[in-house]
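The residues making up each chain are set out below.
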Amino acid sequence: MTQNLQQQWAQCQTILADNLTTSAYQTWFAPIVPLQFANGILVLQVKSQFVAEYIEENYIPLLSAAIIRVFGQGTRLEYRVLIDSASGAGTMLPSNGSTQTVAVAQPPVSPNMQAASLDPQLNALYTFDSFIAGEPNKLARAAGVAVSKQPGYTAFNPLFIYGGSGVGKTHLANAIGNQAKQLNPQTRVLYVSANTFKLQFQDARNANRIPDFLNFYQSVDVLIVDDIQYFAGLKGTQDTFFHIFNYLQQSRKQLIFTCDRAPVELKDIEERLLTRFKYGLTAEITKPDYQLRRNILLSKMHRDGITLSEEVVDFIAQNVRDSVRDLEGILASLLAHSTLTDKEIDLALAEQVVSHIVAIQPHPVTVADVIGTVAEHYNIPEKAIMSQNRSKEITLARHVAVYLSKQLTKSPLAEIGYKMGKRTHATMLHSIAYVREQLEFDPVMRQHIAQIQSSLTK
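Note that the coordinates shown come from a computational prediction; the quantities given were computed from them, not determined experimentally. (Residues numbered from 1 in each chain as written. Predicted model: local features only at pLDDT ≥ 70, side-chain atom pairs only at ≥ 80, totals over all residues. Heavy atoms only, no water.)

## Thoughts on the side chain of Gln254
Our working rule: We count a stretch as a helix when DSSP gives it H or I for four or more residues in a row; a strand needs E for two or more, and each element gets its number in order from the N terminus. Under the rule applied, a polar contact is a pair of N or O atoms within 3.5 Å (in protein, one hydrogen donor and one hydrogen acceptor; residues adjacent in sequence only if both atoms are side-chain atoms). Note on contacts: a residue pair is in contact if any heavy atoms of the two residues lie within 4.5 Å.
Its location among the elements puts Gln254 in strand β8 (residues 254–259). Side-chain polar atoms of Gln254 contact the backbone nitrogen of Gly152, separated by 2.8 Å. Those residues in contact with Gln254 that sit more than four places away from it in its chain are Val147, Pro151, Gly152, Thr154, Phe156, Asn157, Pro158, Leu159, Asp221, Val222 and Leu223.

What follows is the structure in C-alpha cells.
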C-alpha cells in the first residue's frame, strides 16, 4: 500500500468520523484497510461479508460522498472480504452503491429502447440463497421464485409483497430481479424506490420530458417498486404510474411492489391503482417466528465465520422477535464488541448487546429447566428422573417434574414424555393426576410444588 493511498484513505476516514457517531465509526470504518487504487477502482478490505452488506445498506451514500471527494468522480468501490487472516486469503465483492452520478433520474432515450443499456440498481447480495425460507415468508418466496423464472407469464402479475419493517421484503424483491437477470441476462430489470420514482417524475416534468420518462419505463421487462405506500397523496405521480402500469401489464411485463401494508389499508391512493395492485397475488411476509429467526442466525453465522454457543443462539432467537435487521445488527454488534474488547461472545455479552436493541423477554421455562430444578430440590441426579428407576423417591420426583412441565411450559404431553425418558402419553396423564390428587390433601406436597415453582419462575 502506497503512502499516497494511506493519506487519501485517512482523508476519507476524517470525513466519515465527522459525520458518524464514535461508536458507528469505530465499529464499521476504523477497521477497514485500503488495499489498492488503480484504474479508477478503490479496493477496501473488510473483516466479513456481513460488514460489507451492512455498510452497503446503511452507509453507502456517506461513504460514496467521501470517496468522490477524495478519489474523484467516477471512482468505483470494491470490497475484499478477508476469509483467512493467517494466509491472507480473501474474496472480492463489488459495491452496489454508486460513487458516481446515477443517470436514472434522466432516463436514457434511444431509438431502440430494448437495445439501450440499463443498470438494474439491484443489490447483488440479496439472492434467494441468502433469503432464508420459513413459514412466515413461504408463500411470498415461492411466488417470487416462480416470477423470476417466467416474469410476466405467471398468475402473479403484479406481485404485491407486504409486511412490517425489517421482515425481508426488499431482500426478496431484489432476489427476484437478480435471478431473472441470471436466467436471462437480456431481461431489462429495474429496481426503484417509490421516493426515487417520485423525484424522477418531478425532474422529468420540470424539464418537459414526460414522454421520454414514459418511454424509458415502458421499455422495462421487470419493474420493481419498493415502498409503494409513498405514492400516497401524489396525484401527478400516481397518474403517470397508472399509464406505465397499464402498458407493462398489457405487454406481459412483470410488476413487483413492496409495501408496509396490504392494498386495502392504503390511504390516498387512487382507486384505479388500488384495483390494479390486486390483479395478481398479494403475499404477506409476517414477523419471523422462533425457528426462522434461529435459522437466519445460523445462516449468517456460517456466512460470516462466527461461532456462537447454542445458549447464545437460543437467547437471541428468543428475544429478537420483530425484525431480521435487528438480528443482523445484533450479530454485527456482538462481533464488534468481541473484536474491540477482545472478549469471548458469551451469554453475558449477548444479554448486554440485546438489551440495548430490544426489550428482553423473560426466559421461558423448558422441560429441561423443570427436570434440573426438581432434581436439585429432591437432591437426586437429573438422569434418575429420566431413568427406569421406580423407587419411591425417584417416582415422586418424576411425577412432580411431569406436573410442573405441563403447568409451566408450552410443551405438549408427547414431548414431555419423550424428555422424561421416552414415556407414554398415558404415563404423563397418570403423573399429572397423581400430583393433583396429592395437592388437595397433602400440605407438604403443596409446599414442595410452591418452592420448586418459585425457583423456576423467579
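## What about the packing of helix α17 (residues 392–408) against helix α19 (residues 425–441)?
Keep this limit in mind: Orientation is described by lines fitted to C-alpha atoms, with helices fitted over the stretch in contact, and by angles between N-to-C directions that extend from 0 to 180 degrees. These descriptions rest on fixed angle ranges, namely under 35 degrees for roughly parallel, over 145 for roughly antiparallel, 65 to 115 for roughly perpendicular, and the rest for oblique. Throughout, the ten residues Ala, Val, Leu, Ile, Met, Phe, Trp, Tyr, Cys and Pro are labelled nonpolar, Asp, Glu, Lys and Arg are labelled charged, and all others, Gly among them, are labelled polar.
In contact at an axis separation of 8 Å, α17 and α19 are set at 95° when each is read in the N-to-C sense. When the axis of α17 is compared with that of α19, the two are roughly perpendicular. On α19, the residues that touch Leu396, His399, Val400, Val402, Tyr403, Lys406 and Gln407 of α17 are Met428, His430, Ser431, Ile432, Tyr434, Val435, Arg436 and Leu439. When the residues that make up the contact of α17 with α19 are grouped by side-chain class, the tally is 9 nonpolar, 4 polar and 2 charged.

## Examining the pairing of strand β5 (residues 159–162)
The criterion, for reference: Exposure categories follow from relative accessible area, calculated using a 1.4 Å probe and restricted to protein chains: below 20% of the type maximum is buried, above 50% is exposed, and the middle band is partly exposed. For two strands to pair, DSSP has to find at least two bridges joining them.
By the alternation rule, side chains of β5 split into Leu159 and Ile161 and Phe160 and Tyr162, which are all buried. Inspection of the sheet shows β5 paired to β8 by 4 bridges, in the parallel sense. Note on β8: the bridge partner recorded for Ile161 is Thr258. Of the strand pairs in this sheet, β5 and strand β9 (residues 281–284) are connected by 4 bridges, and their pairing is parallel. Bridge pairing in β9 places Phe160 opposite Thr282.

## Concerning the pattern of salt bridges
Rule in force here: Should a side-chain nitrogen of Lys or Arg be within 4 Å of a carboxyl oxygen of Asp or Glu, the pair is scored as a salt bridge.
According to the stated counting rule, one finds 9 salt bridges in the structure shown. Between Asp260 and Arg261 there is a salt bridge whose closest N-O contact spans 2.7 Å. Across the salt bridge formed by Asp314 and Arg294, the nearest N and O atoms sit 2.8 Å from each other. Of the two residues, Asp314 sits in helix α12 (residues 310–319) while Arg294 sits in helix α11 (residues 290–304), which places them 20 residues apart along the sequence. Residue classification places Arg294 among the buried positions, given a relative accessible area of 14%. What emerges from the salt-bridge pattern is a single network uniting Lys235, Asp239, Glu270 and Arg272.

## What to know about unusual backbone geometry
Omega for the peptide link from Asn157 to Pro158 comes to 5°, which places this bond in the cis form. Checked against the element boundaries, Pro158 lands in the loop between α5 (138–149) and β5. Backbone geometry at Asp227 places phi at a positive 60°, although glycine is not the residue there. Position of Asp227 among the secondary structure elements: in the loop between β7 (222–226) and α9 (235–250).

## Examining a negative patch on the surface
This is how the line gets drawn: Candidate patch residues must exceed 30% relative accessible area and have no salt bridge, after which like charges are joined if within 9 Å and Val, Leu, Ile, Met, Phe, Trp or Tyr side chains if within 5 Å. Accessible surface area values rest on a Shrake-Rupley calculation with a 1.4 Å probe, where residue burial reflects the displayed protein chains alone. Asp and Glu count as negative and Lys and Arg as positive, but His and the ends of the chain are not part of the count. To locate a charge, the coordinates of NZ of Lys, CZ of Arg, CG of Asp or CD of Glu are taken.
A cluster of like negative charges, contributed by Glu311, Glu344, Asp346 and Glu351, occupies part of the molecular surface. On the secondary structure map, Glu351 appears in helix α14 (residues 347–355).

## Some words on the sheet that holds β8
Sheet architecture is open: 5 strands sit in the order β6-β7-β8-β5-β9, paired in parallel fashion. For this open sheet the edge positions go to β6 (189–193) and β9, each flanked by a neighbour on one side alone. Across the sheet, the mean angle separating the axes of adjacent strands is 15° when strand polarity is ignored. Relative to β6, helix α7 (residues 194–206) is tilted by about 95°, and along the sheet it contacts β6 and β7.

Shape descriptors only; they carry no functional weight alone.
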